[in-house]
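# Fold and geometry: a report
Now for the letters of each chain:
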Amino acid sequence: MPNLLSKRKRGLLDHRGLWLLALPALVVVVLMQYMPLPGLIIAFKNYNYGLGPWKSSWSGFSNFTYLFTTGVAARITYNTIKWNFLFIVLSHSLAMLVALLMNELSRRSIKIYQTIFFFPYFLSWVIAAYLGFALLSGDRGIINTLLTRMGRDTVIWYAQPDAWRVILPLAYLWKHFGYIAIIYFTALIGLDPQLFEAADIEGANRIQKVFRISIPQLKQLVVILVMIDIGRIFRSDFGLFFQFTRNSSTLYPVTDVIDTYVYRALLTLGDPGMAAAAGLYQSVVALVLVLLSNKLITKLDEESRVF
Amino acid sequence: MKTNRIIVFTLLLMLPLASVLANGGSDSAETASKEMVNISWHQIGNPQEELPVVMEEVNKYLGDKFGINLDITVHGWGDYTTKMQTMHAAGESFDLAFTSGWANPFIPTASKGAYLPLDNLLKDYGKDILSILPAKYWDAAKIDGKIMAIINYQIMSNQRGIAFVKEYADKYGFDPDKVTQNKQIFDFFQQIVDNEEGVVPYFNLKEGILPDLNPQEETRYFDDIISEEDRYIGVYLTDTTPTVVNTLISPEYRRDVESVREMLSAGYIPSDFTSLNLDEEVKGREYASFIMTRIKPGVEGENLVRYGKDTIVSGLYKPYTSTGSASSTMTAIGVNSQHPEKAMELYNAVYSDKYLYNLLVFGIKDVHYTDAGNGYVNLDTDKSYGLPAWQFGDQFNAYLMPGQDPDVWQQTMDLDASAVVSPLLGFVFDPSPVRNEIAACGAINAEYKISVYYADNLDEAMADFNKAMEEAGIDRIITEAQKQIDAWLATK
């Protein structure tokens, strides 16, 4: 035991720079993610503000029923998984493609592309929603104005669920792919140049280099990033589904996800116990999804598994 | 594994430690201000830059008279509910807070124990409040027979209306006060469509105009039981033996939906009205009329200030008084308040002391307003300040604003006296036995009530709507509401 401990201590000392770097993030994770965990108890309580979380009476699973009682339950679960799965696939493929292309460009032009792609990531969905509204608004939107000029009928976009099957992914990509692309790009420029030099000597062309060197080298990073996204699959992007659609209820068949449903259902009641129940349900399913995907990855390729 | 256990163990240790620290802090603060009592008050409104200046003046007055140091925090219109819900959930201490059906929702928070029962405090420290507010309204603030909030005295009845822009009403000889059937309003809209390019006839919220209703003689059909948003169950305002009905299958609801569809197809309202915002629209685009969710005497003056538009406001039905309308502006005392009796003493003063009331609402004389004579104020000063007058006790204490009639408060009281009284005035619904059904029905209602406006086949859409509501348990809510109403009637 003493040996082990001292070894560990030495490890801490050796990597103290890295630990110091990670410290702020660790503090945030502990404070924001672990400290509130005991509060989950209110998901099983008739929460009373006066009595507080510990003294309120137990309610069993009754806080969970509203999530599953109606036909909506299937729809919101399906939409949540479908959209997030699609978003993960689309954004990571596009990001990878763009990162590979950027890698072929000159340094100066990269700065420009980087800024253009990355910029939307910093806009809040509220602002993005107004940009979207400028395009899609019924009587004054840019798209409808163009349609009128072209002599076509206008479309009430906020009452056309089918159109949002395309609009939602576009909006998501516009806002997110730049962020992932930058991460991939950073990893690409960090690759050992010797690998490429060797390939040049062997006479490999650009395409071959991409498929034989760049992509395989990024595999580990892709797995980790995708895994993080899968962990969030049940916490969909509330801003996208609520703000960007202007909470237009005619679009719900396409845009309604667990988060927007819970928001709507608890608007009148404001019951913290029922809200906590929804959060717990999302977290448990997310945990299961992450464990399953890790298992799947382990089966496909032992080396790439995350844990 | 071991590190995990250590982390969990440390966290468990830290929890009680944190609460000890928190308590220690507040204890020492209390002893420090033994003579002067601090009272905190959370309000809704536009945050005021000049608030500290006004509060200094207020506290000079309160300190001498009551030994109170008042601290008002104003949260923005959009933030207030979230901020207060978080404070309730965290058990944070506060003394006074605004509460109502539409912000910091009263029934769920009060029934979950966020506020102190006030019956005894009112008797001991709130005598003026009890003598000013008519006794019939108090039931609207009761949960389980106990008063849980102080009702602010202002207009107590509720009436939806339309503000017609005077320019267009005059141009087409339309007199809103002469409307004897609401469908006459549609004729005015049609004239706008025919003759005024680029002007939208009407901005409505998510509801229609009942075409065959006579706004001078009849009131609206239902009193809602759960909330303004959840109007899928209700009681006919004319029903003397209150029977709870599913309003969605009533002919009145059907006509309301049809009127919206008619307005959509005739171009009376913007095609995507449900995704638009009233204030943004009326300020940013030319409308010939727009909805007023709650009208009251003198509201034309407020429209002029808010939208810069000269309007004629008229009701879509006669006013009615219900639990919801009587309890639409209230102030509660927090369950963890350190000085509930002082808080009540203060509120009693706000309710009855005209000087204090107007100081809080309008600010300091000759700085934030000037005296325009005859009880009127002139708000056109360098420094702007103003908090919602209905948030402070008795609004009938307020100075008059430009555009208001000299007898505006008398008009308000007359209007209240003429209002139809709901058979459910004083009944407060406890949603907790059917909260799962209310959550599910609320979500379904929010979805379908809009989609029926756009559906190709209305019959089919309405049938789907009703089927979904049945699945979500609307019948169980109706049964529960009827049970509670019968029990309430038995106690009267």
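Analysis parameters
- Residues numbered from 1 in each chain as written.
- Chains lettered and ligands numbered in written order.
- Predicted model: local features only at pLDDT ≥ 70, side-chain atom pairs only at ≥ 80, totals over all residues.
- Helix = DSSP H or I, 4+ residues; strand = E, 2+ residues; numbered from the N terminus.
- Rg over C-alpha atoms; globule rule 2.2 N^0.38 Å.
- Buried ≥ 20, exposed ≤ 12 C-beta atoms within 10 Å, placed from the backbone.
- Domains from an automatic or database assignment.
- Contact = placed C-beta atoms within 7 Å.
- Nonpolar A, V, L, I, M, F, W, Y, C, P; charged D, E, K, R; others polar.
- Core = buried A, V, L, I, M, F, W, Y, C linked by C-beta atoms within 7 Å.
- Pairing = 2+ DSSP bridges.
- Axes fitted to C-alpha atoms, helices over the stretch in contact; angles between N-to-C directions.
- Parallel < 35°, antiparallel > 145°, perpendicular 65-115°, else oblique.
- Left-handed = near helix turned anticlockwise from the far one by under 90°.
- pLDDT = per-residue confidence, 0-100.
- Expected span 1.5 Å × (residues − 1).
- Arc of directions from axis to C-beta.

## Some remarks on the overall build of chain B
- When helices and strands are tallied, chain B shows 18 helices and 17 strands.
- Taken against the 2.2 N^0.38 rule, which gives 23 Å for 492 residues, the C-alpha radius of gyration of chain B at 25 Å falls within 12% of a compact globule.
- Oriented by its inertia axes, the alpha-carbon framework of chain B measures out at about 70 × 70 × 55 Å.
- Sorting the 492 residues of chain B into buried and exposed places 46% on the buried side.

## Some words on the overall build of chain A
- When helices and strands are tallied, chain A shows 14 helices and two strands.
- C-alpha atoms of chain A, sized along the principal axes, occupy 80 × 70 × 35 Å.
- Expressed as a percentage of the 307 residues in chain A, the buried residues total 29%.

## Quick notes on the domain arrangement of chain B
Residues and elements named next belong to chain B.
- When its domains are assigned, chain B resolves into domain 1 (33-156 + 326-362) and domain 2 (161-222 + 247-324).
- Between the C-alpha centres of domain 1 and domain 2 the distance comes to 34 Å.
- Listed by partner, the interface residues are seven residues for domain 1 and five residues for domain 2.
- Of the residues contributing to the side of domain 1 that touches domain 2, the split by class is four nonpolar, three polar and no charged.

## Quick notes on the environment of Asn38(B)
All names here are of chain B.
- Here asparagine 38 shows up in strand S1 (residues 37-44).
- Among the residues examined, asparagine 38 registers 16 C-beta atoms within 10 Å and is labelled partly exposed.
- Between the C-alpha atoms of asparagine 38 and glutamine 338, which are 300 residues apart in sequence, the distance is 9.1 Å.

## Topic: the nonpolar core
- Counting 176 residues, the largest nonpolar core has Ala149(B) and Tyr202(B) as the members making the most contacts within it.
- The element contributing the most residues to this core is helix H16 (residues 435-454) of chain B, with twelve residues.
- Here this core gathers at least three residues from each of two domains, domain 1 (33-156 + 326-362) and domain 2 (161-222 + 247-324) of chain B.
- Apart from the residues within four sequence positions on either side, Tyr202(B) is in contact with Phe189(B), Met263(B), Tyr268(B), Ile269(B), Tyr287(B), Ala288(B), Ser289(B) and Phe290(B).
- In terms of nonpolar packing, the next biggest core, distinct from the first, is built from twelve residues, Met96(A), Ala99(A), Leu100(A) and Phe185(A) among them.

## Description of the interface of chain A and chain B
- Across the contact, 37 residues belong to chain A and 40 residues belong to chain B.
- Tallying contributions element by element places helix H13 (residues 258-265) of chain A first for the side of chain A that touches chain B, with three residues.
- Residue composition of the side of chain A that touches chain B, grouped by class: 19 nonpolar, 14 polar and four charged.

## A few points about the environment of Gly442(B)
Residues and elements named next belong to chain B.
- Structurally, glycine 442 is set in helix H16.
- Residue classification places glycine 442 among the buried positions, given that 23 C-beta atoms sit within 10 Å.
- Expressed as a C-alpha distance, the spacing of glycine 442 and proline 270, which sit 172 residues apart in the sequence, is 26 Å.

## A short note on unusual backbone geometry
All names here are of chain B.
- In this structure, aspartate 144 is a non-glycine residue whose phi angle is positive, near 50°.
- When you line up the elements, aspartate 144 lands in the loop between strand S4 (142-143) and strand S5 (146-147).
- Aspartate 144 sits in the exposed class, given 10 other C-beta atoms within 10 Å.
- In this structure, aspartate 366 takes a positive phi of about 70° despite not being glycine.

## Here we look at the sheet that holds strand S9 (residues 233-236) of chain B
Residues and elements named next belong to chain B.
- Taken in spatial order, the three strands line up as S8-S9-S10 in an open sheet, and their pairing is antiparallel. The open sheet terminates on both sides in strands that have one partner only, identified here as strand S8 (222-224) and strand S10 (245-246).
- Pairing analysis gives two bridges linking S9 to S10, with the strands arranged antiparallel. Residue isoleucine 233 lies in a different strand from S10, and its bridge partner there is asparagine 246.
- Its contacts with the sheet put helix H18 (residues 474-491) on S9 and S10, and the angle it makes with S9 is roughly 45°.

## Here's the deal with the packing of helix H4 (residues 72-103) of chain A against helix H8 (residues 164-189) of chain A
All names here are of chain A.
- The geometry of H4 relative to H8 is characterised by a closest axis approach of 7 Å and an angle of 45° between their N-to-C directions. Considering the angle they form, H4 stands oblique to H8. The element H4 and its partner H8 pack so that their crossing is right-handed.

## What about the pairing of strand S15 (residues 370-373) of chain B?
All names here are of chain B.
- The pairing of S15 with strand S16 (residues 376-378) spans three bridges and is classified as antiparallel. Looking at S16, one finds that threonine 370 is bridged to asparagine 378.
- Count of turn residues in the S15/S16 antiparallel hairpin: two residues, of which asparagine 374 carries a positive phi of about 55°.

## Overview of the sheet that holds strand S12 (residues 311-315) of chain B
Residues and elements named next belong to chain B.
- An order of S11-S7-S12 is seen for the three strands of this open sheet, with the pairing classed as antiparallel. The two strands at the open ends of the sheet, each matched to only one other strand, are strand S11 (289-292) and S12. Recorded for the sheet is a direction-independent mean angle of 25° between the axes of neighbouring strands.
- Direction of pairing for strand S7 (residues 161-165) relative to S12: antiparallel, over a ladder of five bridges. Of the residues in S12, the one forming a bridge with glycine 161 is glycine 315.
- Here helix H11 (residues 299-307) sits on the sheet in contact with S7, S11 and S12, set at roughly 135° to S12.

## Side note on the environment of Ser157(B)
- When you line up the elements, Ser157(B) lands in the loop between strand S6 (150-151) and S7.
- If we ignore the near neighbours within four places in the chain, the residues touching Ser157(B) are Pro319(B), Tyr320(B), Thr321(B), Ser325(B), Leu415(B), Asp416(B) and Ala419(B).

## Regarding the confidence of the model for chain A
- Taken residue by residue, chain A gives an average pLDDT of 87. The fraction at 70 or more is 97%.
- Between the elements of chain A, mean pLDDT differs from a low of 66, seen in helix H1 (residues 2-14) of chain A, to a high of 93, seen in H8(A).

## Looking at helix H14 (residues 272-300) of chain A
- In this model H14(A) runs 42 Å from its N-terminal to its C-terminal C-alpha over 29 residues, within 8% of the 42 Å that 1.5 Å per residue would give.
- Looking at the buried positions of H14(A), the neighbouring elements they touch are strand S1 (45-46) and H13 of chain A together with helix H3 (80-90) and H16 of chain B.

## Things to note about H3(B)
- Among the residues of H3(B), those classed as buried are Tyr80(B), Thr81(B), Met84(B), Gln85(B), His88(B) and Ala89(B). Taken down its axis, H3(B) places every buried residue within 155° of arc, on the same side. Turned more than 90 degrees from where H3(B) packs its buried face, Thr82(B) and Thr86(B) sit exposed.
- Buried residues in H3(B) make contact with H14 of chain A together with S1, strand S2 (68-75), strand S3 (96-99) and helix H4 (106-111) of chain B.

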